[in-house]
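Observations on chain architecture
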Amino acid sequence: MLLEQVRPVTATGPVLTTTVAREYVHRAAFSEVFLSGWRSTGQDTFVVTAQWPRSHSFYLSEHGLHDPLMLCETVRQTLLLLTHTAYGVPFGHQMSWSHFSYELSPGAPAMSITNAPAEIELHVTASEISYRRSVPVAMTMDFQVLRDGVPLATASTRFGTHAPALYQRLRTGRGDVERMFADAPAPTTPVTPSTVGRDRARDVVLTPTDQSGRWQLRVDTAHPVLFDHPVDHVPGMVLLEAARQALHSLEPGRSGTVPVSMDAVFHRYVEFDSPCWIKTTSNAPHSGEGRCVNVTAWQNERLAFFAKVATAPLA
């Protein structure tokens, strides 16, 4: 997909912009690539550019604002891009999150949807880099995210990379992507979409249970965005979406609030072949009319994921 920026024609011709290669961000669909370029600005520092569409099939625009989960996906794509291009991690290596957090700038004015796509800059600093045979196996990336020079958010992530042979040992028989993906069970019944801030049942990642504040994770491997390509486990973005939807479910019928921050820890892979349970615990109010909620994911009675999510009302 060609993303041509509307700019004046110079003496040498128009300035054209394309997205980065989809392989760098582990996406199959060109339309799901948000990044448009990158450059090094120093030792382990970079600037990455991105563009957000005004409308997206999954990352919905609510209250006149871009979806904060689009920010999460942009950060995810950025760490993959830089890992491959700046640090030389070969294709075929697997990346795994251990920690991810973001916080929107106060009031989040830069999240507003205007009459043009949002041009985003991510100023990235990599640190705490561990190497094995000159290839990074773990690192932290911190992000200052701007839109047209205006602060939009900060983010941070810690992740690891795994060579194919190591990944197969780590997955203990679960690393066959095609087999695990093909054998994934059919999706369970969704909750009513409107209760989790969704319009379509296919976009719901929670299944109701008979307990308040507890759901089964709903995994639909046919979803064109959450499962853009075959994988051998539930992607981290599905768990972030589950945290967001669980938060929405605690505020039925409420509008004007968005998840302004999230601090998530990924403890272990969530597998396809057994139920995963999503639970919430409400904390003290975050600020004003906002609130703070802890969301956990449990599989086989083991903690797989934890997220602290905060909301705030936005004008």
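Anyway, here's the lowdown on the structure attached to this text. (Residues numbered from 1 in each chain as written. Predicted model: local features only at pLDDT ≥ 70, side-chain atom pairs only at ≥ 80, totals over all residues. Heavy atoms only, no water.)

**Side note on the nonpolar core**
- Counting residues in each nonpolar core, the largest one holds 85 residues, and the members touching the most others are Leu217, Leu240 and Ile278.
- For this core, the element with the highest residue contribution is helix α1 (residues 68–85), accounting for nine residues.
- Sequence-distant contacts of Leu217, defined by excluding residues within four places in its chain, comprise Thr188, Val205, Val234, Val238, Leu239, Ala242, Val270, Cys276 and Ile278. (Core = buried A, V, L, I, M, F, W, Y, C linked by side-chain atoms within 4.5 Å. Buried < 20%, exposed > 50% of the residue type's maximum accessible area, 1.4 Å probe, protein only. Helix = DSSP H or I, 4+ residues; strand = E, 2+ residues; numbered from the N terminus. Contact = heavy atoms within 4.5 Å.)

**Let's talk about unusual backbone geometry**
- Positioned with a positive phi, Asp44 is a non-glycine residue whose angle comes to about 65°.
- Positive phi is not limited to glycine here, since Thr172 has a value of about 45°.
- As for its placement among the helices and strands, Thr172 is situated in the loop between α2 (164–171) and α3 (177–182).

**Here we look at helix α4 (residues 236–249)**
- Counted at 1.5 Å a residue, the expected span for α4 with its 14 residues is 20 Å, and the 20 Å between its end C-alpha atoms agrees.
- Most of α4 is tucked away: 14 of the 14 residues are buried. (Expected span 1.5 Å × (residues − 1).)

**So, the packing of α1 against α4**
- Where α1 meets α4, the axes come as close as 11 Å, and the angle between the chain directions of the two elements is 160°. One element, α1, and the other, α4, form an angle in the roughly antiparallel class. When you trace α1 past α4, the crossing you get is right-handed. Residues Leu69, Cys72, Glu73 and Arg76 of α1 form the contact with α4, whose own contacting residues are Met237, Leu240, Glu241 and Arg244.
- Looking at the contact of α1 with α4, its residues break down into four nonpolar, no polar and four charged. (Axes fitted to C-alpha atoms, helices over the stretch in contact; angles between N-to-C directions. Parallel < 35°, antiparallel > 145°, perpendicular 65-115°, else oblique. Left-handed = near helix turned anticlockwise from the far one by under 90°. Nonpolar A, V, L, I, M, F, W, Y, C, P; charged D, E, K, R; others polar.)

**Considerations on the environment of Thr195**
- Here Thr195 is to be found in the loop between α3 and β7 (206–208).
- For the pair formed by Thr195 and Gln245, sequence separation is 50 residues and the distance between their alpha carbons is 8.3 Å.
- With residues up to four places along the chain from it excluded, the contact list for Thr195 reads His248 and Ser249.
- A distance of 2.6 Å separates a polar atom in the side chain of Thr195 from the backbone oxygen of Thr192. (Polar contact = N/O pair within 3.5 Å; in protein donor to acceptor, adjacent residues only side chain to side chain.)

**Describing α1**
- If you check α1, its first and last C-alpha atoms are 26 Å apart, about what 18 residues at 1.5 Å a residue would give, namely 26 Å.
- In terms of burial, α1 is a largely internal element, 17 of the 18 residues being buried.
- Structurally, the start of α1 carries an N-cap: the backbone nitrogen of Leu69 is 2.9 Å from a side-chain oxygen of Asp67.

**Focus on the pairing of strand β12 (residues 302–313)**
- Relative to β12, strand β11 (residues 292–299) runs antiparallel, the two being bridged by eight bridges. Residue pairing for β12: Val295 is matched across the bridge by Ala307.
- In this structure, the hairpin formed by β11 and β12 is closed by a connection of two residues, where Asn300 is found at a positive phi of approximately 55°. (Pairing = 2+ DSSP bridges.)

**Description of the pattern of salt bridges**
- The full count for this structure, using the stated rule, is 13 salt bridges.
- Residues Asp228 and Arg27 are paired through a salt bridge, measuring 3.8 Å at the closest nitrogen-oxygen approach. With Asp228 in the loop between β8 (214–217) and α4 and Arg27 in the segment before β1 (35–42), this pair connects stretches of sequence that are 201 residues apart. Like Arg27, Asp228 is buried.
- Arg171 is the salt-bridge partner of Glu271, the closest N and O atoms lying 2.8 Å from each other. Within this pair, whereas Glu271 is found in the loop between β9 (257–266) and β10 (276–282), its partner Arg171 is found in helix α2, the two being separated by 100 residues in sequence.
- Arg171 sits in the buried class, given a relative accessible area of 2%.
- Three or more residues joined by partner-sharing salt bridges are found here, namely Arg171, Arg174, Asp232, Glu271 and Asp273. (Salt bridge = Lys/Arg side-chain N within 4 Å of Asp/Glu carboxyl O.)

In short, the description is geometric, and any link to function would need to be established separately.
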